[in-house]
Amino acid sequence: SADVEKPQGSITASAKFNDLDWSPDNSILAGALDNGIVEFFSPKELKSVAKIGKHTTPVNTLKFNAKQDNVLCSGDSRGEIFIWDINKITSSGYAPFSPGVAMTPIDEVYSLAWNQSLAHVFASAGSSGYTSIWDLKAKKEVLHLSYTSPSTGAKNHLSVVEWHPSNSTKIATATGNDNDPVIL
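The numbering scheme is per chain: residues are counted from 1 as the chain's sequence reads. Selection of residues for local features in this predicted model requires a pLDDT of at least 70, selection of side-chain atom pairs for listing and counting requires 80 or more, and totals for whole chains, interfaces and linings are taken over all residues. The side-chain numbers reported here are obtained from all heavy atoms of the structure, hydrogens and water having been left aside.

## Here's the deal with the nonpolar core
Put simply, buried Ala, Val, Leu, Ile, Met, Phe, Trp, Tyr and Cys residues joined by side-chain atoms within 4.5 Å make one nonpolar core. The rule is simple: take the accessible area with a 1.4 Å probe, protein chains only, and divide by the maximum for that residue type; under 20% is buried, over 50% is exposed, in between is partly exposed. In terms of nonpolar packing, the biggest core is built from 16 residues, with Val38, Phe40, Leu72, Trp84 and Ile89 touching the most fellow members. Helix numbering and strand numbering both begin at the N terminus, where a helix is a DSSP run of H or I of at least 4 residues and a strand a DSSP run of E of at least 2. If you list the elements that add at least two residues to this core, you get β2 (29-33), β3 (38-42), β4 (47-52), β5 (59-64) and β7 (81-85). If one sorts the elements of this core by residue count, β5 sits on top with 3 residues. Formed by 10 residues, the second largest nonpolar core is a distinct cluster that contains Cys73, Ile83, Leu112 and Trp114.

Okay, structure coming up:
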């Protein structure tokens, strides 16, 4: 039909979008904004329902937890990672929390992924050259992976991370370097 090419609606935001993710139940669309805000939209009502400026630099990425519809993680250009409960985003004074203590330096966060079997475990990847595995129950980074290029001897930044869809102990990450593109 002719309506296929027309948008169903539009919503204005306060800054450019760096990432979007739908909640698993499709009730919320979250936006990672360049001004440090995570904004939450109601797709049904075509309006913003909450915007929270907890990040101090541009929010690069965010990802909803497939096992817990109300949980979202976000990462920014300074290495800050926050965990959000969307059931509380409209409460006065609500603020997300940090996943805990990092074992490795965290610079810019490029990618986040929730474990498909363990709702309290997620991974982050970024410019520091590490992919970190986080455990929210332990409140810390529990494992980190890195890749050093055999051709240059340099640690490459890791631009993306994804969990295996059915094996909770397998993860794939990849470099973002044009000269040494690798999937690990």
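## Remarks on the environment of leucine 184
Examined against the element boundaries, leucine 184 turns out to sit in the segment after β13 (171-175). Between the alpha carbons of leucine 184 and leucine 145 there is a distance of 9.7 Å; along the sequence they are 39 residues apart. Only heavy atoms matter for contacts: two residues are in contact if any of them lie within 4.5 Å across the pair. Setting aside residues no more than four positions away along its own chain, leucine 184 makes contact with Tyr147, Leu158, Ile171, Ala172 and Thr173.

## Side note on the pattern of salt bridges
Salt bridges are counted wherever a side-chain nitrogen of Lys or Arg sits within 4 Å of a carboxyl oxygen of Asp or Glu. Taken as a whole, this structure holds 2 salt bridges when the rule is applied. Put simply, glutamate 45 and lysine 47 hold a salt bridge, and the shortest N to O gap is 3.4 Å. Across the pair glutamate 80 and arginine 78 runs a salt bridge, and its minimum N-O distance is 3.1 Å.

## Concerning the packing of aromatic side chains
Only rings of Phe, Tyr and Trp enter the pairing, Trp through its six-membered ring, and a pair is recorded when the two centres are within 6.5 Å. The plane angle decides the type: under 30 degrees is stacked, over 60 is edge-to-face, the rest tilted. Applying the stated rule across the entire model yields 5 aromatic pairs. With a centroid separation of 6.1 Å and an interplanar angle of 10 degrees, the aromatic rings of phenylalanine 122 and tryptophan 134 are classed as stacked. With phenylalanine 122 in strand β9 (residues 121-126) and tryptophan 134 in strand β10 (residues 130-135), this pair connects stretches of sequence that are 12 residues apart. A connected cluster of aromatic rings, assembled from ring pairs, spans Phe40, Trp84 and Tyr94.

## Concerning the sheet that holds strand β6 (residues 71-76)
Any two strands are treated as partners once DSSP identifies two or more bridges connecting them. Spatially, 3 strands are ordered β5-β6-β7 in an open sheet, and the strand pairing comes out antiparallel. Taken across any chain shown, the strands that pair with only one partner, and hence form the sheet edges, are β5 and β7. With strand direction ignored, the average angle separating the axes of adjacent strands in the sheet is 20 degrees. Pairing of β5 with β6 involves 5 bridges; the strand directions are antiparallel. Each bridged residue has a counterpart across the sheet, and for phenylalanine 64 the counterpart in β6 is leucine 72. For helices, the fitted line uses only the C-alpha atoms of the stretch in contact; every axis is such a line through C-alpha atoms, and the angle between N-to-C directions lies from 0 to 180 degrees.

## Focus on unusual backbone geometry
The backbone phi angle of leucine 46 is positive, close to 55 degrees, even though this residue is not glycine. Among the secondary structure elements, leucine 46 is positioned in the loop between β3 and β4. Backbone geometry at lysine 139 places phi at a positive 60 degrees, although glycine is not the residue there. Within the secondary structure, lysine 139 is located in the loop between β10 and β11 (140-146).

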